[in-house]
Each structure stands twice: as structure tokens, then as C-alpha cells.
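Each chain, written out:
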Amino acid sequence: MISNAKLYGLVLSGGKSTRMGEDKGLITYHDLPQREHLYYLLNEVCEQTFLSIRKDQEKEIPNTFNTIIDKDDFRGPYNGLLSAHIAHPEAAWLVLACDLPLMDKKALQELIAARNTEKIASAFADATNPLPEPLCAIWEPEALKQSIAYLEAGNGSCPRKFLINADVNLVFPQQKEVLLNANSRAEYEEALLKIAP
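What this report covers is the structure whose coordinates are included nearby. Here the structure is a predicted model, which is why all the values come from computation and not from measurement.

## A closer look at the packing of aromatic side chains
Link 1 in the chain: Taken as a whole and judged by the stated rule, the model has nine aromatic pairs.
Link 2 in the chain: Summarising the aromatic geometry, the rings of Tyr8 and Phe50 are spaced 5.9 Å apart at their centres and angled 40° between planes, so their arrangement reads as tilted. A residue pair is termed long-range when its members are at least 10 positions apart, and Tyr8 in strand 1 (residues 7-12) and Phe50 in strand 2 (residues 48-53) qualify at 42 residues.
Link 3 in the chain: Overall, the relative accessible area of 4% leaves Tyr8 in the buried class.

Now the structure itself:
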């Protein structure tokens, strides 16, 4: 399988953010709501970029942003990812969760440069714990096609588990801080300390 699919960007921002207690996509780390900040970053390195959102978020998104509304056919992060795949099955997707406050353009360029189109996906991973980060990865169309079959076979809804059992290209970012997930208040505070000059 060699993919020559064009690369689209996707910011997953349709989650409920229960652990954080507020919408993680609306938290401001870099003078903009985080989902918008990541959208603009992806827009610099992808052919097109989209915000993945729930139907009830539609009215709060300025119409200058491309959006894909979750179809709710799948659970968890796969909901946004596969809604995007169904909308544009010809594209590979560089996917970012909206809880990555330290992600930057340099890291995205590293991931794109390391993209292996003969693999099902190219995913960032931490060298000390080399598991694929499914929400900081390039998913080739074939990976998403296989994901639908994987989910329909009742394998659970964890995209990481799918990637662990697939032929994935692991990419280790030069600055592993870019993989910091801010899902709780404590992680939010940690991210702010790292961002502060």
C-alpha cells in the first residue's frame, strides 16, 4: 500500500472536556482559543484544514473556519476522525487533539517530513514509551477504511489500540514536550509554565 493522498488537517474539538471542567478547545494558551490556534498551525502545512465539532457547537464557530460535524456513528475520538474520512475519503488526515498546548509548526513539519506513505499511519510517539499518539498523527485513507471494519467487528473504540496492532511509522519529535496533553487543571498549569518565556 503506497498512499499518494493529499494531506488535510483536522482539529478534534468535539469532545466534552469533562476532566478539564471547561471546553479544552476554548482555552487560550497563545492569544487565541486553542482549537483556532491549532487550526491556523495546520493550515500552514496542509492543503486544507477543518475543525471537527459537535452539531451543538456549530453556531459558535465563525464561518471563516471549515468544519466537519460529527456524524455520531462512532464513539470517542474516532467519531471526529471517521466523520472527516467519510466527508473526504480521498484525503490523508493530519489529526490533532485540541489538548496539545505545546504543539508547534516545527513539530508538524517534522511529522510531515517523516510521513511514510507505505505505512498505514505516521504517528508521533515518546521515545521513552514508544506507543503511537493517534491524535497527533497522519492517518492514510487505508487506515481509516480499516478502522471502520475494526470498529464494526466489535474491537472497542480506541484508536491507539488500532494503531498498536497496525503497521505504523513511529516518529519521535525532537522536542517531546509538544506531546504534552492538557486534560486536567494540573496539566493546564504545567503547560502555562512551559509556555511562559
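## A few points about the side chain of Ser13
Link 1 in the chain: The residue Ser13 is located in the loop between strand 1 and helix 1 (34-43) in this model.
Link 2 in the chain: Accessibility expressed as a relative area gives 1% for Ser13, which makes it buried.
Link 3 in the chain: A distance of 2.9 Å separates a polar side-chain atom of Ser13 from the backbone oxygen of Ser52.
Link 4 in the chain: Every residue in contact with Ser13, bar those within four places of it in the chain, is listed here: Arg35, Leu51, Ser52, Ile53, Gln57 and Cys98.

## What to know about the sheet that holds strand 4 (residues 92-97)
Link 1 in the chain: The mixed open sheet is built from seven strands, whose spatial order is 3-2-1-4-6-5-7. At either end of the open sheet lies a strand with only one pairing partner, and these are strand 3 (67-69) and strand 7 (168-171). In this sheet, adjacent strand axes meet at a mean angle of 25° when their direction is disregarded.
Link 2 in the chain: Where strand 1 meets strand 4, six bridges bridge the pair, whose relative direction is parallel. When the sheet's bridge partners are listed, Leu12 is paired in strand 4 with Ala97.
Link 3 in the chain: Along the sheet, helix 2 (residues 78-87) makes contact with strand 1, strand 2, strand 3, strand 4 and strand 6 (136-139), crossing strand 1 at roughly 150°.
Link 4 in the chain: Set on the sheet, helix 4 (residues 141-152) makes contact with strand 4 and strand 6; between it and strand 6 the angle comes to about 95°.

What counts and what doesn't
Residues numbered from 1 in each chain as written. Predicted model: local features only at pLDDT ≥ 70, side-chain atom pairs only at ≥ 80, totals over all residues. Heavy atoms only, no water. Phe/Tyr/Trp six-rings, centres within 6.5 Å; stacked < 30°, edge-to-face > 60°. Helix = DSSP H or I, 4+ residues; strand = E, 2+ residues; numbered from the N terminus. Buried < 20%, exposed > 50% of the residue type's maximum accessible area, 1.4 Å probe, protein only. Polar contact = N/O pair within 3.5 Å; in protein donor to acceptor, adjacent residues only side chain to side chain. Contact = heavy atoms within 4.5 Å. Pairing = 2+ DSSP bridges. Axes fitted to C-alpha atoms, helices over the stretch in contact; angles between N-to-C directions.

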